[in-house]
Amino acid sequence: MDVISDMTVFVEVVAAGGMTAAGRNLNLSAAVVSKRIANLEERLDARLLNRTTRRLSLTDEGAGYYVRCKSILEDIADAEAALSGLAGHVKGTLKITAPSSFGRKHISRLLPEFLKQYPDVSIQVSLTDQIVDMVQSGFDLAIRTGELKDSSLIARKLSPARRVVCASRDYLAKEGVPKHPQDLVHHNCLVLGYPGGVHDHWHFKGPEGQIDVKVKGNLETNNGEILRDATKAGIGIAIKSTWDIGDELKAGELIPILREFELPSAAVYALYPNREHLPAKTRSFIDFLEGKFGSEPYWDRGIRLEDI
């Protein structure tokens, strides 16, 4: 009974998203892979995967077992690397998820440099604005922007994500400049909307304390780029991060307003499953991003942050 081999097959099935794909990657038939998983479940006396005609998903027991198996296999790989004199040699497949806009604007431009620095690492990147289950989806690392919600995942802050309330010069010239957050109820405010809710309650902190404003407008979207372009076009007012509109702020295409009032803090984070030993491939990519972003990220250079 080769426990490590069975673990390898199980982890590959989760990572590949199915028996057939895992079989191709492992040079095994789908029938053999299916049999190996069935034998593993029988030996453990636990169902690891929910099987339907369309997809596989981890059971609660399977999710916990997957994390442990992945950790064990990575520890074995690191131990073998150390024994063969390759300690510190970074290799393997790194599966990453990141927000669509941030991924296209900032992760995409950095990947070639990282891959040249670590040629034995392969990267799979999924860009989505949906919050995915990292364990169920087999991700090693998630990049998140904004306010961090409670989670069992480990979070490492990569950089601040400064946010501003902004509008175009044309919009402000036509509709006037809000002087207080409550003035926003008389303006066309453009908001982010997701299946889990709409961000139409804007929160500020001012001299009088916490200020909560229910805003409304004629555009709701789950895409930050649509929100940015509509704001630039003079449609309304939006809350945007400087990582997204740094160039527009520098060029004067977007004007920050309500600068005397503080928005909730936000940041760019790297999230990964809770475990004692972080794989070298994951740690190297996190360190790489932190070195590129840091406390004063490049997208903020040239912006008068004291005015924001």
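Residues numbered from 1 in each chain as written. Predicted model: local features only at pLDDT ≥ 70, side-chain atom pairs only at ≥ 80, totals over all residues. Heavy atoms only, no water.

What about the overall build of the chain?
For step 1, the next point in the chain: From N to C terminus, the chain includes 10 helices and 15 strands.
For step 2, the next point in the chain: Judged by the C-alpha coordinates and their principal axes, the chain covers about 75 × 45 × 35 Å.
For step 3, the next point in the chain: Burial statistics for the chain: of 308 residues in total, 46% are counted as buried.
For step 4, the next point in the chain: Summarising the internal contacts of the chain: among those between residues at least 6 apart in sequence, 76% fall at separations of at least 24.
For step 5, the next point in the chain: Surface accessibility of the chain: about 16,100 Å² in total, with carbon and sulfur atoms responsible for 48%.
For step 6, the next point in the chain: Side-chain charges of the chain comprise 39 positive and 41 negative groups, with the mean position of each set lying 3 Å from the other. (Helix = DSSP H or I, 4+ residues; strand = E, 2+ residues; numbered from the N terminus. Buried < 20%, exposed > 50% of the residue type's maximum accessible area, 1.4 Å probe, protein only. Contact = heavy atoms within 4.5 Å. Areas by Shrake-Rupley, 256 points an atom, 1.4 Å probe, with all protein chains shown as cover. Lys, Arg positive; Asp, Glu negative; His and termini not counted. Charge placed at Lys NZ, Arg CZ, Asp CG, Glu CD.)

Side note on the environment of His 201
For step 1, the next point in the chain: Of note, His 201 is situated in strand S10 (residues 201-206).
For step 2, the next point in the chain: The exposure class assigned to His 201 is partly exposed, which follows from its relative accessible area of 44%.
For step 3, the next point in the chain: For His 201 and Gly 176, which are 25 residues apart along the polypeptide, the C-alpha to C-alpha distance reads 21 Å.
For step 4, the next point in the chain: A polar atom in the side chain of His 201 sits 3.2 Å from the side chain of Asp 200. (Polar contact = N/O pair within 3.5 Å; in protein donor to acceptor, adjacent residues only side chain to side chain.)

Overview of the nonpolar core
Soluble globular proteins tend to pack their nonpolar side chains together in the buried interior.
For step 1, the next point in the chain: With 29 residues, the main nonpolar core has Ile 143, Leu 289 and Phe 293 as its most contacted residues.
For step 2, the next point in the chain: Those elements that provide at least two residues to this core are strand S3 (92-98), helix H5 (100-117), strand S5 (141-146), strand S15 (267-272) and helix H10 (280-292).
For step 3, the next point in the chain: When neighbours within four sequence positions are excluded, Phe 293 is seen to be in contact with Phe 102, His 106, Leu 110, Leu 158, Ser 159, Val 268, Tyr 298 and Trp 299.
For step 4, the next point in the chain: Residues Val 13, Val 14, Leu 40 and Leu 56 belong to the second largest nonpolar core, which totals 21 residues. (Core = buried A, V, L, I, M, F, W, Y, C linked by side-chain atoms within 4.5 Å.)

Details of unusual backbone geometry
For step 1, the next point in the chain: Despite not being glycine, Asp 45 shows a phi value in the positive range, around 55°.
For step 2, the next point in the chain: Inspection of the secondary structure puts Asp 45 in the loop between helix H3 (30-44) and strand S1 (49-51).
For step 3, the next point in the chain: Despite not being glycine, Leu 258 has its phi angle at roughly 55°, a positive value.
For step 4, the next point in the chain: By the element assignment, Leu 258 lies in the loop between strand S14 (255-257) and S15.
For step 5, the next point in the chain: Leu 258 gets classed as buried once you look at its relative accessible area, which sits at 6%.

A few points about the sheet that holds strand S13 (residues 238-241)
For step 1, the next point in the chain: Here three strands make up an open sheet; going across it, the order is S13-S7-S14 and the pairing antiparallel. Across the chains shown, the open sheet's two edge strands, defined by having one partner strand only, are S13 and S14. Averaged over all pairs of adjacent strands, the angle between strand axes in this sheet comes to 55°, irrespective of strand direction.
For step 2, the next point in the chain: Sheet topology places strand S7 (residues 163-167) next to S13; four bridges connect them, and they run antiparallel. Note on S13: the bridge partner recorded for Cys 166 is Ala 238.
For step 3, the next point in the chain: The sheet strands contacting helix H9 (residues 242-251) are S7, S13 and S14, and the helix crosses S13 at an angle near 100°. (Pairing = 2+ DSSP bridges. Axes fitted to C-alpha atoms, helices over the stretch in contact; angles between N-to-C directions.)

Observations regarding the domain arrangement of the chain
For step 1, the next point in the chain: We note that the domain assignment places domain 1 (3-84), domain 2 (92-161 + 267-300) and domain 3 (163-256) within the chain.
For step 2, the next point in the chain: With centres defined by C-alpha atoms, the gap from domain 1 to domain 2 works out at 24 Å.
For step 3, the next point in the chain: With 13 residues of domain 1 in contact, the opposing surface of domain 2 contributes 11 residues.
For step 4, the next point in the chain: With both sides pooled, the region where domain 1 packs onto domain 2 buries about 930 Å², and carbon together with sulfur makes up 43% of that total.
For step 5, the next point in the chain: For the pair domain 1 and domain 2, the interface holds one salt bridge.
For step 6, the next point in the chain: The partner of Asp 140 in a salt bridge is Lys 70, with the nearest N and O atoms 1.9 Å apart. (Domains from an automatic or database assignment. Buried area = accessible area lost by both parts, 1.4 Å probe. Salt bridge = Lys/Arg side-chain N within 4 Å of Asp/Glu carboxyl O.)

Observations concerning the pairing of S10
For step 1, the next point in the chain: Residue alternation in S10 divides its side chains into a buried set, Trp 202, Phe 204 and Gly 206, and an unburied set, His 201, His 203 and Lys 205.
For step 2, the next point in the chain: Where S10 folds back onto strand S11 (residues 209-214) in an antiparallel hairpin, the turn is made up of two residues.

Topic: the side chain of Thr 59
For step 1, the next point in the chain: Examined against the element boundaries, Thr 59 turns out to sit in the loop between strand S2 (56-58) and helix H4 (60-83).
For step 2, the next point in the chain: With relative accessibility at 9%, the residue Thr 59 sits in the buried group.
For step 3, the next point in the chain: Sequence-distant contacts of Thr 59, defined by excluding residues within four places in its chain, comprise Arg 47, Leu 48, Leu 49, Asn 50 and Gln 136.

Brief notes about the pairing of strand S4 (residues 121-127)
For step 1, the next point in the chain: The sheet contact formed by S3 and S4 spans seven bridges and is parallel. Residue pairing for S4: Thr 97 is matched across the bridge by Ser 126.
For step 2, the next point in the chain: In the classification by handedness, the crossover that spans S3, the intervening H5 and the parallel S4 is right-handed. (Right-handed = clockwise from strand over helix to strand, strands pointing away.)

Considering the pattern of salt bridges
For step 1, the next point in the chain: Here the structure, examined in full by the defined rule, presents 14 salt bridges.
For step 2, the next point in the chain: The partner of Arg 36 in a salt bridge is Asp 6, and the shortest N-O contact between them spans 2.8 Å. Here Asp 6 lies in helix H1 (residues 3-16) and Arg 36 lies in helix H3, a separation of 30 residues in the sequence.
For step 3, the next point in the chain: Asp 6 gets classed as buried once you look at its relative accessible area, which sits at 9%.
For step 4, the next point in the chain: A salt bridge links Arg 156 to Asp 287, with the nearest nitrogen and oxygen atoms 2.6 Å apart. Of this pair, Arg 156 sits in strand S6 (residues 154-160) while Asp 287 sits in helix H10, and the two are 131 residues apart along the sequence.
For step 5, the next point in the chain: Arg 156 gets classed as partly exposed once you look at its relative accessible area, which sits at 24%.

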